[in-house]
Amino acid sequence: MTTRLEPPAAARSDPPAPVFSAVMSLLLLLLARSRLGPRLLRPLRARRGYLYGEARWDAEYSTGQWRFLRDLDQAAHYRIVELFRRRLKPGGAVLDVGCGEGILYTEAEGMPDARYLGIDPAAAAIAGAKRGAGPNARFQLASAESFATEERFEVIVFNESLYYCREPRATMEKYAAMLAEDGIFIVSMALCGLRDGLTKLAIWHDIAPATEIVAETSLVAPSAAWIVKALRPKRA
Ligand SMILES: C[S@@+](CC[C@H](N)C(=O)[O-])C[C@H]1O[C@@H](n2cnc3c(N)ncnc32)[C@H](O)[C@@H]1O
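Draft legend 1. Quick look at the overall build of the protein. Along the protein, the regular secondary structure elements total nine helices and seven strands. Relative to the 2.2 N^0.38 estimate, which gives 18 Å for 236 residues, the radius of gyration of the protein is 19 Å and therefore close to what a compact globule would have. Principal axes of the C-alpha set define a box for the protein whose edges measure 80 × 45 × 35 Å. Put simply, of all contacts in the protein between residues at least 6 apart along the chain, 68% involve residues at least 24 apart. Summing over all exposed atoms, the protein offers an accessible surface of approximately 12700 Å²; the carbon and sulfur share of this is 56%.

The following block contains the structure:
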């Protein structure tokens, strides 16, 4: 008589290991690096970001739907953004476009060496961010499209926000004018599955001709893969 071994009840109820998700992430990262990437991604023409609308963002922050951004598997990409900032432009003024609830500012321990401005079109997110603001930080209600300033910044961050802008490449061009001389962008985009990943890779390819890569890192976690780049706009 053979006895079939059953996993313990707790193990059975666990979700399956995210092997598929990890393989998908690795394939997308390979595509990002491959010479074939630009040709394969050209038909996607990611000229437009995901358009959610400000009311939806506000409602989703109010009901806590973005609380997962504080989860541990999200922390690494915030840390990479902060590492790039601190190594490449220590002490430089920072503009964080689409800052949400200010998680980057918090994960960076309040960026004590920098003057920091976070903007976001979601009122609920900005209200939350203001509660955690230190004396070096300001948070302002504005979308990437509506924001205007005479200030100049050594670092402009698009941390998981560029692909929500109406026209990602045009947005980068607008913000290039707000960079101090020799200033940099730091851009992070998560690849969450095949469709979303291809959309974001198409955005990376769309902005590539206008920028030079200063530093680049890729991360893979169970929930997604991230590409984080520090970029300098190509000056004419
Ligand atoms: C995935 S969340 C990331 C938030 C934050 N950067 C973070 O990493 O914690 C995307 C953010 O982009 C903001 N957003 C959406 N459309 C935007 C736009 N047109 N301009 C600027 N920010 C936008 C949303 O309100 C939201 O806070």
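Let us keep going from here.
Draft legend 2. The arrangement of the sheet that holds strand β4 (residues 153–159) in detail. Taken in spatial order, the seven strands make up an open sheet running β3-β2-β1-β4-β5-β7-β6, and their pairing is mixed. Where the open sheet ends on each side, the last strands, each with one partner, are β3 (137–141) and β6 (211–221). With strand direction ignored, the average angle separating the axes of adjacent strands in the sheet is 15 degrees. Set on the sheet, helix α8 (residues 168–176) makes contact with β1 (94–97), β2 (116–120), β4, β5 (179–191), β6 and β7 (224–233); between it and β5 the angle comes to about 155 degrees.

Draft legend 3. Fine view of the site of the ligand. The environment of the ligand is formed by 19 residues, the closest being Y61, Y78, G98, D120 and N159. Take Y61: an N or O atom from its side chain is 2.6 Å from an oxygen atom of the ligand. A distance of 2.8 Å is found between a nitrogen atom of the ligand and a backbone nitrogen or oxygen belonging to A144. For the ligand, the protein covers 96% of the area, taking 590 Å² as the surface of the free molecule.

Draft legend 4. Fine view of the pattern of salt bridges. In the structure shown here, the tally under the stated rule is 15 salt bridges. One salt bridge in this structure joins E101 and R70, with 3.6 Å as the shortest N-O distance. In this pair, E101 sits in the loop between β1 and α6 (103–107) while R70 sits in the loop between α4 (54–62) and α5 (72–88), placing the two residues 31 residues apart along the sequence. Classification of R70 as partly exposed rests on a relative accessible area of 45%. The salt bridge involving E109 is made with R79; its shortest N-O contact spans 3.7 Å. Of this pair, E109 sits in the loop between α6 and β2 while R79 sits in helix α5, and the two are 30 residues apart along the sequence. For R79, a relative accessible area of 42% translates into the label partly exposed. Salt bridges sharing partners connect three or more residues here, namely E82, R85, R86 and D113.

Draft legend 5. Spotlight on the side chain of E160. Relative to the assigned elements, E160 resides in the loop between β4 and α8. Put simply, E160 is tucked away with no salt bridge, and the nearest opposite charge, on K200, sits 4.9 Å away. Within the local environment of E160, its side chain forms a polar contact with the backbone nitrogen of M189, the two atoms lying 3.2 Å apart. In this structure E160 touches H77, S188, M189, A190 and W226, once residues within four positions along its chain are discounted.

Procedures and definitions
Residues numbered from 1 in each chain as written. Predicted model: local features only at pLDDT ≥ 70, side-chain atom pairs only at ≥ 80, totals over all residues. Heavy atoms only, no water. Helix = DSSP H or I, 4+ residues; strand = E, 2+ residues; numbered from the N terminus. Rg over C-alpha atoms; globule rule 2.2 N^0.38 Å. Contact = heavy atoms within 4.5 Å. Areas by Shrake-Rupley, 256 points an atom, 1.4 Å probe, with all protein chains shown as cover. Pairing = 2+ DSSP bridges. Axes fitted to C-alpha atoms, helices over the stretch in contact; angles between N-to-C directions. Near = heavy atom within 4 Å. Polar contact = N/O pair within 3.5 Å; in protein donor to acceptor, adjacent residues only side chain to side chain. Salt bridge = Lys/Arg side-chain N within 4 Å of Asp/Glu carboxyl O. Buried < 20%, exposed > 50% of the residue type's maximum accessible area, 1.4 Å probe, protein only. Lys, Arg positive; Asp, Glu negative; His and termini not counted.

Any functional reading would require information that these geometric values do not contain.
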